[in-house]
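# A look at the structure
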2 protein chains.
Amino acid sequence: MPTDLDESQRSRAPRKDAAENRAALLDAAVRVLNDDVDASLEAIAAEAGLSRRAVYGHFATRDDLVREVLAQGSERVGASILDIANEDARIEIALYGATLWREVQHASVTAEFAVRGPHMDLVARALEPARAKLRETVRRGVRDGVLRRDIRPDQLARLIERVAVDVLTEATHDGLDARTGHTLVMVTALSVAGLAWHEADELVASTPELAFGAEPDRATTTARAPETGLSTRSEQEAASDRAPHTQGEDVSQAESERGRA
Amino acid sequence: MPTDLDESQRSRAPRKDAAENRAALLDAAVRVLNDDVDASLEAIAAEAGLSRRAVYGHFATRDDLVREVLAQGSERVGASILDIANEDARIEIALYGATLWREVQHASVTAEFAVRGPHMDLVARALEPARAKLRETVRRGVRDGVLRRDIRPDQLARLIERVAVDVLTEATHDGLDARTGHTLVMVTALSVAGLAWHEADELVASTPELAFGAEPDRATTTARAPETGLSTRSEQEAASDRAPHTQGEDVSQAESERGRA
DNA sequence: ACTAACGTGCACATCGCTGTGCAAGTTAGT
DNA sequence: ACTAACTTGCACAGCGATGTGCACGTTAGT
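None of the values given here were measured: they were computed from a predicted structure. Residue positions are counted from 1 within each chain, in the order its sequence is given. Here chains are named by letter from A upward and ligands by number from 1 upward, in the order in which they appear as written. For this predicted model, a pLDDT threshold of at least 70 governs which residues receive local features, and a threshold of 80 or more governs which side-chain atom pairs are given and counted, while totals over whole chains, interfaces and linings are taken from all residues.

All right, on to the overall build of chain A then. Tallying secondary structure elements over chain A gives eleven helices and zero strands in all. Put simply, chain A runs from its N terminus to its C terminus through helices and strands in the order α-α-α-α-α-α-α-α-α-α-α. The proportion of buried residues among the 261 residues of chain A is 42%. This entry defines residue contacts through backbone-placed C-beta atoms, with two residues in contact when those atoms are within 7 Å. Looking at chain A alone, contacts between residues at least 24 apart form 64% of all its contacts between residues at least 6 apart. Where helices and strands are cited, they refer to DSSP runs of H or I of at least four residues and of E of at least two residues respectively, numbered from the N terminus. Neighbour counting defines burial: a residue surrounded by 20 or more other C-beta atoms within 10 Å of its own C-beta is buried, one with 12 or fewer is exposed, and intermediate counts give partly exposed, using backbone-placed C-beta atoms.

As a further point, take helix 2 (residues 41-48) of chain B. All names here are of chain B. Buried within helix 2 are the following residues: Ile44, Ala45 and Ala48. All buried residues of helix 2 lie within an arc of 95° about the axis, which places them on one face of the element. The secondary structure elements touched by the buried residues of helix 2 are helix 1 (16-35) and helix 3 (52-58). Gly49 occupies a position one or two residues after helix 2 and carries a positive phi of about 75°. In this context, the arc is that of the directions from the helix axis out to the C-beta atoms.

The next subject is the confidence of the model for chain A. Residues and elements named next belong to chain A. The pLDDT averaged across chain A works out to 85; a share of 79% of its residues lies at or above 70. pLDDT is a residue-level measure of predictor confidence that goes from 0 to 100. pLDDT under 50 marks residues 219-247. Its contacts with residues more than four places away, or in other chains, come to 26 contacts. Ignoring residues within four places in sequence, the model shows residues 255-261, a span with pLDDT below 50, making six contacts including any to other chains.

This part covers the domain arrangement of chain A. Residues and elements named next belong to chain A. The domain architecture assigned to chain A consists of domain 1 (14-60) and domain 2 (69-231). Reported domain spans reflect what an automatic or database domain assignment gives. Look at where the C-alpha atoms of domain 1 and domain 2 centre, and you get two points 29 Å apart. Across the contact, six residues belong to domain 1 and eight residues belong to domain 2. Note on residue categories: nonpolar means Ala, Val, Leu, Ile, Met, Phe, Trp, Tyr, Cys or Pro, charged means Asp, Glu, Lys or Arg, and polar means any other residue, Gly included. Broken down by class, the residue content of the side of domain 1 that touches domain 2 amounts to five nonpolar, one polar and no charged.

Taken together, 29 residues lie around DNA strand C, and A:Arg62, B:Pro14, B:Ala18, B:Ser51 and B:Ala54 are the ones closest in. The class makeup of the residues in the surface near DNA strand C is ten nonpolar, seven polar and twelve charged. Any residue whose C-beta atom, as placed from the backbone, lies within 6 Å of a molecule or strand is termed near it.

Quick look at the environment of B:Ile93 now. All names here are of chain B. Examined against the element boundaries, Ile93 turns out to sit in helix 5 (residues 89-102). The class of Ile93 is buried, set by 31 C-beta atoms lying within 10 Å. Put simply, Ile93 and Lys133 are 40 residues apart on the chain and 11 Å apart in space, counted from C-alpha to C-alpha. Contact partners of Ile93, with chain neighbours within four places excluded, come to Thr137, Ile160, Ala189, Leu190 and Ala193.

Glancing now at the packing of helix 8 (residues 153-174) of chain A against helix 9 (residues 178-193) of chain A. Residue and element names in this part refer to chain A. Axis definition: a line fitted to C-alpha atoms, over the contacting stretch in the case of helices. Angles run 0 to 180 degrees between N-to-C directions. Running from N to C, helix 8 and helix 9 point in directions that differ by 150°, and their axes come no closer than 9 Å. The angle between helix 8 and helix 9 falls in the class roughly antiparallel. Of the two possible hands of crossing, helix 8 and helix 9 adopt the one that is right-handed. Contacts between helix 8 and helix 9 pair Leu159, Ile160, Val163, Ala164, Val167, Leu168 and Ala171 from the former with Gly181, Leu184, Val185, Thr188, Ala189, Val192 and Ala193 from the latter. Split by residue class, the contact of helix 8 with helix 9 holds twelve nonpolar, two polar and no charged. We call two directions roughly parallel when the angle between them is under 35 degrees, roughly antiparallel when it is over 145, roughly perpendicular when it lies between 65 and 115, and oblique otherwise. Note: crossing handedness is left-handed where the near helix turns anticlockwise from the far helix by less than a right angle, and right-handed where it turns clockwise.

All names here are of chain B. Counting through the fold element by element, Glu68 comes out in helix 4 (residues 62-82). You can call Glu68 partly exposed: it has 16 C-beta atoms within 10 Å. Separated by 55 residues in the primary sequence, Glu68 and Ala13 have C-alpha atoms spaced 23 Å apart. Those residues within four positions of Glu68 in sequence are excluded, and the remaining contacts are Leu26 and Phe59.

Here it is, written out as structure tokens:
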């Protein structure tokens, strides 16, 4: 087993597959823990294609593994959220939703453990900056008169977070495609933030940054189409699959009962 | 121990405190399970003021106890929801929130187990009528043009349910008073349903049925004071603590930051 | 007051899971 | 090819929780 602890004397360099397996374990843990918070170590090891015994070569304790998962997850999610920036608080909130959706896997585990068990504080500490940012965004939105004034901003921020996560789980559990989920999380967050549904839809449809493929400001240099880009028009067309509406609205009876097989 | 099973030959009537203890157990279970889904039987017994051993006099299994809790809870919550009725779908949705808030204790346990563990189907079956009703309400609201059209009605119904429960936990965990919670759940549900925040507030403020003390139509025959009863006036006085607003709106900087004039 | 009904405390068996030691095997670095 | 790094499989100890049997108190029906 990979002796993680004694990096003291090593007569030879550690093998590359060790790190791979470690990563595989963390990855498997994310997947498994996502639908069972207290899955057995056996289950995680199996998912990673390893034996239970081998895990103890990489992590001294099941708790260590979980903590590592949470540390990575919350760090990743937190960082993504801190990247968000926009003058319009509403857009920031939409981006917040979009970001969580992009990080579903990690966001779910993180969120799950943020409420239960003895790891609450860990996640809470790692996520605090992101939460502070959201609180500040909400406050700003309220000051600017674009968000609701009937709920205390701090509480509203917490509600937005909760609801966003909710939609995440509801969405994955329902197995809807990336684009729909993307929109759904944003729109729902905005709704809780106080916008009427058509306002939310309007905002999402008319803001390029909120389009599906939109990179969070730092464009990856390549991957940008010549003319239209991922701008408003191409977005709207692709958005409503085959719906004949002007915007992505009115799915009320279009898909209503066709959801599942 | 009370032999629940053999009601066959009984040389004497069962003691009344037996039933009391049984009820106490179920009650304690609700409380304990509310903040720890898999609390030990020891904990539940302790909360009920009994020994662990005594529990097995009333329930053959921990699972039996839990199932009983869930059966009662989902039955109760489900029934309450089915009592809801109003021509305006929006009001029905608000009442849905209010009802859940009134049943927080049971609603929370039920909701918790509706997602986790091997009791999902039990709760799901017991709650299905209520869920169907909500779905139908949402569909009606969409047809009437008072609810959002950008989310499939069925999905919207599920979201409303999830969000309502969320606010419940967020509210209790935050320890806010009954009146505030009552309003918060309703307003949030309406927001997700598509209303702008001021629309939601307006609706709640102007609809008598949505007032805090309002009985769900069937007045308890007695317990109604000559003039005011639990009616609007005494209600409103206590309502806005010291806030000088016309409605319950604009708490944004009232409590939060006390920022400026 | 008599006695069944009920609760208590303890001991005990069992189960699932974690964590560890050890004797193999297999794989990757040099 | 040699050897350390890594994995496997098994056995074993421990923990916490459930469920049961039994002897003994306590309480409530009649």
